[in-house]
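Each chain, written out:
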Amino acid sequence: MKILVLNGPNLNLLGLREPALYGKGTYAELEKHVQDVARRLGVSAEMRQTNHEGTLVDWIQAAYGAFDAIVLNAAAYTHTSVAILDALKAVKARVVEVHLTEPKEREEFRRVSYVGMVAEKTFSGLGFGSYAAALEYLAANP
Ligand code: DQA
């Protein structure tokens, strides 16, 4: 199974960024964690990060026919991006939404999730474990 793991804005700053919320682990450590879990599960995971909404749209479009599912932490774009929602719908992507924190327990503006409108599953509030849970879910439901 080929899984594309996409990360949105500011996730490159993990470790530096609000460690009380997001933890001390860096983006590089998150990537290693994802690869370790993928290897254990016998799936392939390609992980990318961008700060740009249009780049996420481009990657979602290009995933059509190339990946079996997308694990998506759209970060702040989760709560704002109709363009990302439309791209996910356009290519009928199988998407699992992930968040390090639990957005629904934070500010009011984080309660809306456009990604969640099409995600078949959401894992949040588990730190790096949200990504592991998403990969485990997909490996168990190929
Ligand atoms: C996040 C939660 C979002 O609300 C926030 O904008 C992020 C990270 C998370 O992983 O907890 O950038 O997606």
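Our subject is the structure that appears above.
Here we summarise the structure given alongside this text. Bear in mind that the values here come from a model prediction, so they are computed numbers and not experimental data. (Residues numbered from 1 in each chain as written. Predicted model: local features only at pLDDT ≥ 70, side-chain atom pairs only at ≥ 80, totals over all residues. Heavy atoms only, no water.)

On to the pattern of salt bridges. One pass over the full model with this rule turns up 8 salt bridges. For Lys32, the salt bridge is made with Asp36, and the minimal N-O distance between the two is 2.8 Å. Here the residue Lys32 and the residue Asp36 both occupy positions in helix H2 (residues 27-41), the gap between them amounting to 4 residues, near one helical turn. Under the relative-accessibility criterion, Lys32 is labelled exposed at 51%. Taking the shortest distance from any N to any O, the salt bridge between Glu136 and Arg40 comes out at 2.9 Å. (Salt bridge = Lys/Arg side-chain N within 4 Å of Asp/Glu carboxyl O. Helix = DSSP H or I, 4+ residues; strand = E, 2+ residues; numbered from the N terminus. Buried < 20%, exposed > 50% of the residue type's maximum accessible area, 1.4 Å probe, protein only.)

This paragraph deals with the site of the ligand. Taken together, Arg17, Tyr22, Asn73, Ala75, Ala76, His79, His99, Leu100, Thr101, Arg106 and Arg110 make up the full set of residues near the ligand. Separating an oxygen atom of the ligand from a side-chain N or O atom of Arg17 is a distance of 2.8 Å. Here an oxygen atom of the ligand sits 2.9 Å away from a polar atom, N or O, in the side chain of Arg110. Here the ligand, which alone exposes 320 Å², has 99% of that area covered by the protein. Residue classes in the shell around the ligand are distributed as 4 nonpolar, 4 polar and 3 charged. (Near = heavy atom within 4 Å. Polar contact = N/O pair within 3.5 Å; in protein donor to acceptor, adjacent residues only side chain to side chain. Areas by Shrake-Rupley, 256 points an atom, 1.4 Å probe, with all protein chains shown as cover. Nonpolar A, V, L, I, M, F, W, Y, C, P; charged D, E, K, R; others polar.)

What follows concerns the pairing of strand S4 (residues 95-99). Put simply, side chains in a regular strand alternate between the two faces of the sheet. Burial analysis of S4 places 5 of its 5 residues in the buried class, which makes it a mostly covered element. Side chains Val95, Glu97 and His99 project from S4 onto one buried face, and the interleaved Val96 and Val98 project onto a second face that is buried too. In terms of strand pairing, strand S3 (residues 69-73) meets S4 through 3 bridges, oriented parallel. When the bridges of S4 are listed, Val71 appears paired with Val96. In this fold, S3 hands off to helix H4 (residues 82-90), which returns the chain to S4; that crossover is right-handed. Where S4 and strand S5 (residues 121-124) come together, 4 bridges link them in parallel fashion. Considered in S5, the bridge of Glu97 is made with Thr122. (Pairing = 2+ DSSP bridges. Right-handed = clockwise from strand over helix to strand, strands pointing away.)

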